[in-house]
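The lines below spell out each chain.
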Amino acid sequence: MTLKRNPGLAALLCLLVCTQAFPLTAAIDIPLEVEQPPTITSQAASPIVAFQPDESFPVTCEAKGNPEPEFRWTKNGQEFDPLMDPRLVKEDHSGTFVIPKNGNLSEFQGTYRCFASNNLGTAISEDMDFIVPIVPKFPKEKLDPIVVEEGQAFILECNPPKGIPPLQIYWMTIRLEPIEQDERVSIGLNGDLYFSHAEEKDSRRDYCCFASFPRIRTIVQKTAMSVVVNTTNAILERKPSLLTPPDVRSEKQLVKGEDLELECIAEGFPTPIIKWVKLGHKLPDKAREEHHGKLLVVPSVDEGDNGKYMCKASNSHGEAQHFFTVTVEEPPEWVQDPDSQLHTIGSDVRIKCSATGTPPPVITWRVNGVPLEDAPAAANRERLGDTIVLRRATAADSAVYQCHASNRHGSLLANANIMIMNLKPMVLTAEGKEYSAVEGKKAILHCKVFGSPPPSITWSKDDSSGPVEGPRFTVHGNGSLEIRGVEREDMGPYTCLTNNTEGTAAIAAALAVRDPTRIVVSPEDVQILAGSAAQLSCSAEYDKSFSNDFELLWEKDDMEIASNQTEDSRYFVEDGILQISNVSHEDMGRYTCVARTSLDQDRAAATLVVLDVPGAPEDLVLSEHRNRGVKLKWIPGEDHGSSTTEFIIEFEEVQREPGKWKELVRVPGNHGSALLKLHGDVDYRFRVSALNAVGRGRPSEHTERYKTPPAAPEKNPENIKIEGHLPHEMDINWEPLLPIEHNGPGLEYKVSYRRQDLDEDWQEHTVKRHSFVVKNTPTFVPYEIKIHARNHQGWAPEPRIISGFSGEDFPSAAPDNVAVEVMNSSVVKVSWTRVPKDKLHGHLGGYRVNWWRLRSLTDTRKRSQHGERHTLAFPGDRGHGLLPGLAPFSEYSLMVMSFNGRGNGPGSHPVSFRTPEGVPEKNPAFRVMDVQKHTISLAWSPPREPNGILTGYQLQYQLINDTEELGPLQTVNISDPATTKLTLKDLEAVSRYKFYLRSCTTAGCGPTVTEDSSTTAKAREYYGFVYPNAQSKCTDEKAEASQSHPLSLFSAGLANAHEGISTQGWFIGLMSTIALLTLILLIACFVNRNKGGKYSVKEKEDLHPDVESQGMNDDTFCEYSDNDEKPLKGSQRSLSGQMAGGGSGDSLVDYGDQEVQFNEDGSFIGEYAGNKDKRVSTEIKAPAQAPA
């Protein structure tokens, strides 16, 4: 900032400069603190039309002035006082009065003018017309029929009543059906209905003219008119003549901006044609022809549309012409309207008023509302053309001058306040006002001053001796000081000094500089799915002095978001975070974070894109109709933030399946049309839906119905199947054509067939169903077949020929040379010689092996009947297969047979074989019999299925410490298979042990059964029962006693475990309880087995090898198993492996005759055979033991 040292010289220079800057004549805005004449500020727009729905009709007149102006009115040039009529409502301190709706409004109709006056002058308003419209009505009249000869011209006159324009005329029947207009019939500008010549069809009794007045919401109807056209044998042709306008020439005057409408309606026969020209020029580019060429319209005319126009009506017999002279005139427009002026006493004043128009407007003057010629004379006032001059004006010459310009098209009125005064400066801004500005922005310090002559203004900073100056400082004409790029050094007190020839004045002000408001975290663009919640974040820094004046708000598309206002508001703002719940398409847009104080603001914006399925396509149109094709066009809907990838076109068969929509075709998302290939004789409707990355949008509205003509079928049946359920028949089946594929009525199929291996003609049959049976065919011979579709319109294209075979019969030979090769204890390989093709009598399905277990080799007795029968199918033409899942150390028998689509052939001779030894099953019972300080006695039962000759047992045990960790594994091999109990000695006292027991054959040892127990601190007796895998299964009563229940295996062991204890009472009670529980368990097994029923075995199954017709053996058995064998921490991996591998689980031995298929190497390709799900099984689970 630079400061001058000589304030007096600066003030003088500024005064000279400011005086030059304010001319003596200028448009001014004088503050109301200064005395001044009235100024009209508001008035009612003219005309005021009293429409019925309105409640009241204010006649507005507002003005300002000092002193406050008083108001008076004139009505139709006569004095009118609204206060004298109690029906009128007058507003205080205003010239406005209100005309109420009720009452007779027509009394108030007229032209009003408002006068606002004080002791300095009078201002007047423009004229305000109050119009009370009268409801227009056609007169009641009886109209005679109009009788005309055919070919004669006639006119139906409307003669509409007068009313508030605009007026619209309609000609309709009594049923409100419009009278059709064409080159022959048309409505004139005057509302009449013109007929260039009459035709017989013009005879009717209900020609009605309707006049519509939109501004008063009224439509009135004229009495219906009747026309009778008398027909003639011949219509006399004639040249045209004009019905309107009459004569040859006419003139048309318009006001600039109006629409020029020139009309020529001619009569004659044939119907005349109208042509338009502008003489010497071409028709304006904006001109247009309407009403079949009878009306020429030039909108919004100007001077360039002046000239001569001609219409010419012509037919084959001649022509008629009419010439229009068009003159475009203008209402008055100001060239210079008078300005309000402020002058010092002794100045010359010029008040200029000029206007233009066509014709030229007349200018009249008023002074304070009084015509100039009637106003008090003033020696220093004279009128020079369009200017009034006041020479050496005095304060008494202050007044309000009115200039009025008018011609026949309108008028203008302007008020000019002329003030003559000398006044020392008046500072209108408050003293000592404090301003705040943001650093880097601009500051404006106000010093509003009024004076006459206009005073000069200077600003100074109190810490300097001169006015402020520099490129950052500007003193405006209204006295305000603008400081651009505010700096901290600009803070402090300022003084505004003003003076003119009448005196001086000054005020003080102060400026404070604040930190700018700045957004530090801006919102980021977001893409979100509709229905989810969106979040936009924003934070800002601001000057701490605005702590109570800072706000952070959000705008959407430049409109402030009103958040947190209502309970159902989806917008919520907290700590600068805008949250929008359940986002919809309406939420998509640009969101702006606004950080605002009273001085400045900062803004940051982000775009929210709402992703959703596309909107429904619109405006579906069918075009380019063909026999069985149509073009469908549509306008895509909103893509909702994700580009449309596909349009899906669906159709509805309106007659066959109304309401069921099916997909017809898909087109890319950048298409807006598709050519649809359709079926014949279908009543279609179409709709379109759009697909984008979000999903599929809702479908469009459906199209109108589109019916295709019938046509011959376009295709023949497909998926033809040739089957032979019986040896001498051939069943032909096919997929019928869909109803929509019929293409017309009368669909039927021609079935043609012939032997493929013989040279014979086609055999043909016509059917309406979709199957046909050919009888008396040879067994399994090849045929050629074709299916040809037709309807009443013709045949489908020639069908393709397919091949098939007639019915199959059972194979007649059994496989030979059946041999068995043992692979291991549970798998054998079966081989055979294939059946010759001529013995198959059908398509070879494969070979089926049936086998059954005769006995276990540990059982020396021969069984009277074999065990459960099993079957396994090997598809295809092969000569061997693997049978898995056999029981080790068993004797089996098997037979092999072939099969085709008809069934199984005869079986081969049975072949017996034996499987080698395998590892035994797990021991069914293993328990601790006695526990002492250093010994533990164990007992067990042998395995039910040793799967070989039992060679002994392997017993292992290990110590378990307090952390559940296992010690070294100790092994005891028991070579005597008859041993079922053992006592371990030299054990640690008060220690826990885990025991593992397995049974062994020459093939190895079986799965492990476990038990654990702890030694005691002193000797004691212990008895308990352990049932590993405590799961009971009922068996046949023929089962051996040793396998019926494991308790029987302990009877001898219990008797000998501790001799002499049987005499003790507690032991007798314990044994009684055990016996009772055993009896209950056996009864439950027996009852459950009987519930399952028994299945008899048909004797013929032993004779006929068709295992598909064989039943099942219903033998059952009871067994116990332990499901709680969970390895402990640190147990041996070898033990775990043996424990897991011992059980065979479900095997093929448990299944019946259903097919199981294997690959060439014997691996599964099918499913288990048999009916295991039909077996009766009862499982009783013992309470689970807690793991050691």
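If you're wondering where the values come from, they're calculated on a predicted model, not measured in any experiment.

Engineer: Requested: an account of the pattern of salt bridges, with residues and values cited.
Structural biologist: Going through the model one piece at a time under the given rule, you end up with 54 salt bridges. The partner of Lys662 in a salt bridge is Glu657, and the shortest N-O contact between them spans 2.5 Å. We classify Lys662 as partly exposed; its relative accessible area is 27%. Residue Arg705 is joined to Asp683 by a salt bridge in which the shortest nitrogen-to-oxygen separation is 2.4 Å. On the criterion of sequence distance, the pair formed by Arg705 in the loop between strand 64 (683-692) and strand 65 (706-707) and Asp683 in strand 64 is long-range, its members being 22 residues apart. By relative accessible area, Asp683 is classed as buried at 7%.

Engineer: Go over the state of the cysteines with me, naming the residues and quoting the values.
Structural biologist: Per the stated rule, a full pass over the model turns up 7 disulfides. At a sulfur-sulfur separation of 1.9 Å, the disulfide partner of Cys447 is Cys496. Here the disulfide of Cys447 and Cys496 is left-handed, its torsion about the S-S bond being about -80°. Taken as a pair, Cys447 in the loop between strand 41 (443-445) and strand 42 (449-452) and Cys496 in strand 47 (residues 492-500) lie far apart in primary sequence, 49 residues in all. For the pair shown, Cys447 and Cys496 are each scored as buried. Cys208 takes part in no disulfide bond, and the closest cysteine sulfur to it belongs to Cys209, at a distance of 9.0 Å.

Engineer: Before we move on, can you summarise the pairing of strand 4 (residues 56-59) with the specific residues and values?
Structural biologist: Taking every second residue as pointing to the same face, the buried face of strand 4 carries Phe57 and Val59, while none of Ser56 and Pro58 on the other face is buried. In terms of strand pairing, strand 4 meets strand 9 (residues 97-100) through 4 bridges, oriented antiparallel. The residue bridging Pro58 from the neighbouring strand is Val98, located in strand 9.

Engineer: Could you give me a rundown of a negative patch on the surface, with the residues and numbers involved?
Structural biologist: On the surface, a cluster of negative charge is made up of Glu618, Asp619, Glu638 and Asp639. Looking at the element boundaries, Asp619 is found in strand 59 (residues 618-623).

Engineer: Tell me what's going on with the sheet that holds strand 51 (residues 534-536), and back it up with residues and numbers.
Structural biologist: Strand order across the open sheet formed by 3 strands is 51-56-55, with antiparallel pairing between neighbours. In this open sheet, the two edge strands, each paired with only one partner strand, are strand 51 and strand 55 (571-574). Pairwise comparison of adjacent strand axes, ignoring direction, gives a mean angle of 20° for this sheet. Sheet topology note: the strand 55/strand 56 (residues 577-580) ladder contains 4 bridges and is antiparallel. The residue bridging Phe572 from the neighbouring strand is Gln579, located in strand 56.

Engineer: Please provide a residue-by-residue account of the pairing of strand 70 (residues 771-775), values included.
Structural biologist: Here strand 70 shows a buried face lined by Phe772 and Val774 and an unburied face lined by Ser771, Val773 and Lys775. Summarising the sheet, strand 67 (residues 729-735) and strand 70 pair through 5 bridges and their orientation is antiparallel. By the bridge assignment, Glu729 is partnered in strand 70 with Lys775.

Engineer: Explain the confidence of the model for the protein residue by residue, including any values.
Structural biologist: In the predicted model, the protein carries a mean pLDDT of 84, and 84% of its residues have values of at least 70. In this model, residues 1-26 is a region of pLDDT below 50 whose contacts with residues beyond four sequence positions or in other chains number 43 contacts. Of the regions scoring below 50 in pLDDT, residues 1092-1188 engages in 234 contacts with residues more than four places distant in sequence or in other chains.

Engineer: Tell me about the sheet that holds strand 16 (residues 185-187), and please be specific about residues and values.
Structural biologist: Two modes of strand pairing occur in sheets, parallel and antiparallel, and in both the strands are linked by backbone hydrogen bonds. Taken in spatial order, the 3 strands of this open sheet run 14-17-16, and their pairing is antiparallel. Each of the sheet's edge strands pairs with one partner strand only, and the pair in question is strand 14 (154-156) and strand 16. Taking each pair of neighbouring strands and ignoring which way they run, the sheet shows an average axis angle of 20°. Pairing between strand 16 and strand 17 (residues 193-195): 3 bridges, direction antiparallel. Looking at strand 17, one finds that Val185 is bridged to Phe195.

Engineer: Tell me about the packing of aromatic side chains, residues and numbers included.
Structural biologist: Summed over the entire model, instances satisfying the criterion amount to 24 aromatic pairs. When the centroid spacing of 4.9 Å and the interplanar angle of 85° are considered together, the rings of Trp73 and Phe97 count as edge-to-face. Residue Trp73 is found in strand 6 (residues 70-75), and its partner Phe97 is found in strand 9; the two are separated by 24 residues along the sequence. For the residue pair Trp73 and Phe97, the accessibility class agrees, reading buried in each case. Here the aromatic residues Trp73, Phe80, Phe97 and Tyr112 are joined through ring pairs into a cluster of three or more. Note that Arg72 overlies the ring of Phe115, its terminal NZ or CZ placed 4.0 Å from the centroid.

So, how was this worked out
- Residues numbered from 1 in each chain as written.
- Predicted model: local features only at pLDDT ≥ 70, side-chain atom pairs only at ≥ 80, totals over all residues.
- Heavy atoms only, no water.
- Salt bridge = Lys/Arg side-chain N within 4 Å of Asp/Glu carboxyl O.
- Buried < 20%, exposed > 50% of the residue type's maximum accessible area, 1.4 Å probe, protein only.
- Helix = DSSP H or I, 4+ residues; strand = E, 2+ residues; numbered from the N terminus.
- Disulfide = S-S within 2.5 Å.
- Pairing = 2+ DSSP bridges.
- Patch = residues over 30% accessible without salt bridge, like charges linked within 9 Å, V, L, I, M, F, W, Y side chains within 5 Å.
- Areas by Shrake-Rupley, 256 points an atom, 1.4 Å probe, with all protein chains shown as cover.
- Lys, Arg positive; Asp, Glu negative; His and termini not counted.
- Charge placed at Lys NZ, Arg CZ, Asp CG, Glu CD.
- Axes fitted to C-alpha atoms, helices over the stretch in contact; angles between N-to-C directions.
- pLDDT = per-residue confidence, 0-100.
- Contact = heavy atoms within 4.5 Å.
- Phe/Tyr/Trp six-rings, centres within 6.5 Å; stacked < 30°, edge-to-face > 60°.
- Lys NZ or Arg CZ within 6 Å of the ring centre and 35° of its normal.

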